[in-house]
2 protein chains.
Amino acid sequence: MKRRKSVAAKAKGRRNAAPEKLALGQLNRHLGYFLRRLQIWVFQDFIQTLAPVKVRPAQYSVLLVIEANPGRSQAAIGQMLGIERARLARLLHELERRKWVSRRASGTDGRSHSLYLTEDGEKALVKIKSLAERHEAQLADYVGPKRHGQLMDLLRDFR
Amino acid sequence: MKRRKSVAAKAKGRRNAAPEKLALGQLNRHLGYFLRRLQIWVFQDFIQTLAPVKVRPAQYSVLLVIEANPGRSQAAIGQMLGIERARLARLLHELERRKWVSRRASGTDGRSHSLYLTEDGEKALVKIKSLAERHEAQLADYVGPKRHGQLMDLLRDFR
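The model shown is predicted, which means the values in this text are computed figures rather than measured ones. (Residues numbered from 1 in each chain as written. Chains lettered and ligands numbered in written order. Predicted model: local features only at pLDDT ≥ 70, side-chain atom pairs only at ≥ 80, totals over all residues. Heavy atoms only, no water.)

Concerning the environment of Ala68(A)
Part 1: As for its position among the elements, Ala68(A) is in helix α3 (residues 57–68).
Part 2: Judged by relative accessible area, which is 30%, Ala68(A) ranks as partly exposed.
Part 3: A C-alpha to C-alpha distance of 17 Å links Ala68(A) and Glu133(A), two positions 65 residues apart in sequence.
Part 4: When neighbours within four sequence positions are excluded, Ala68(A) is seen to be in contact with Ala23(B) and Gly25(B). (Helix = DSSP H or I, 4+ residues; strand = E, 2+ residues; numbered from the N terminus. Buried < 20%, exposed > 50% of the residue type's maximum accessible area, 1.4 Å probe, protein only. Contact = heavy atoms within 4.5 Å.)

What follows is the structure, given as structure tokens:
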């Protein structure tokens, strides 16, 4: 019995492995549970799809926000994305190490730094964005294109 | 200048602090970004609302799934909830320490354990569920009751 089951589970592949059917119980009433499940799928797919460029979701967000708002402070970007100070500092350190982002001391406040993409960063972003688009297409495929649009409309206000 | 700003920021309260208006850029096209933002709000609200009983979202999920499926194995529950083995072991250890969950060696497989709520666990769950309901009401209030229902309908398939 045991062996047959484990062979069957393997044959189905990791993503589609059907768990033993357990009841959700009252989890069924919690939107947060379903949000979290889909969000985990999304992050896993994003990380796998962007593995060739080794870019994770938070790094991607920071790159796009710097691109859209060049010269803004670390504090402003952290606040906007809800990334805490120490974590953002590590993340930016890594993006600087890869020569994608540069920090310049701001004229008005010596402790504050303005963030910019470097030329290398802009070049890298072309490839990164094309992989992120592929991820988004995979997500639309997973939830269905119609539902993808509906979810966008319902969630867009909560940024 | 600096002082005035930080006083103003404090006066607004943490949750409603209006970030400097930055553009989202192409993040605007990514459902995952919006999913993540709302999911973070949900988890923060859940953790705050359930602070009196010190129960976090993953612990709550595990309690509800054990309640709905008494006697199932750690492996089955971990697989269903997508919690990896080591993390689930730590989480169950904590729930046993609080005397809410008991593990019994399964008859058929010495290495496997069947999970049950204890009487204390069932009692604690009454209070825990009532706080979780309050959290859910707050979430419905945050997104609007109509949108709460629509999101449920759209996300329920992805468990």
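Thoughts on the interface of chain A and chain B
Part 1: Taken together, the 61 residues of chain A in the interface contact 62 residues of chain B.
Part 2: Carbon and sulfur atoms supply 63% of the area buried between chain A and chain B, which totals about 6000 Å² over both sides.
Part 3: Connecting chain A to chain B are 4 salt bridges.
Part 4: Note that Asp157(B) is salt-bridged to Arg147(A), the shortest N-O span being 3.1 Å.
Part 5: At the junction of chain A and chain B, the tally comes to 20 residue pairs in polar contact (both at pLDDT 80 or more).
Part 6: Elements represented by at least two residues in the side of chain A that touches chain B include exactly α2 (31–49), α3, α4 (74–81), α6 (119–143) and α7 (145–155) of chain A.
Part 7: Per element, the largest residue contribution to the side of chain A that touches chain B is 11 residues, and it comes from α2(A). (Buried area = accessible area lost by both parts, 1.4 Å probe. Salt bridge = Lys/Arg side-chain N within 4 Å of Asp/Glu carboxyl O. Polar contact = N/O pair within 3.5 Å; in protein donor to acceptor, adjacent residues only side chain to side chain.)

A few points about the packing of aromatic side chains
Part 1: Across all of its chains, the model carries 8 aromatic pairs over all chains by this definition.
Part 2: Ring plane angle 50° and centroid distance 5.3 Å describe the contact between Phe46(A) and Tyr60(A), whose orientation is recorded as tilted. Here Tyr60(A) lies in helix α3 and Phe46(A) lies in helix α2, a separation of 14 residues in the sequence.
Part 3: For Phe46(A), a relative accessible area of 5% translates into the label buried.
Part 4: Owing to a relative accessible area of 3%, Tyr60(A) belongs among the buried residues under this scheme.
Part 5: Ring geometry for Tyr33(B) versus Phe34(B): centroids 5.2 Å apart, planes at 75°, classification edge-to-face.
Part 6: Residue classification places Tyr33(B) among the buried residues on the basis of a relative accessible area of 8%.
Part 7: Take Phe34(B): its relative accessible area is 0%, and that puts it in the buried class. (Phe/Tyr/Trp six-rings, centres within 6.5 Å; stacked < 30°, edge-to-face > 60°.)

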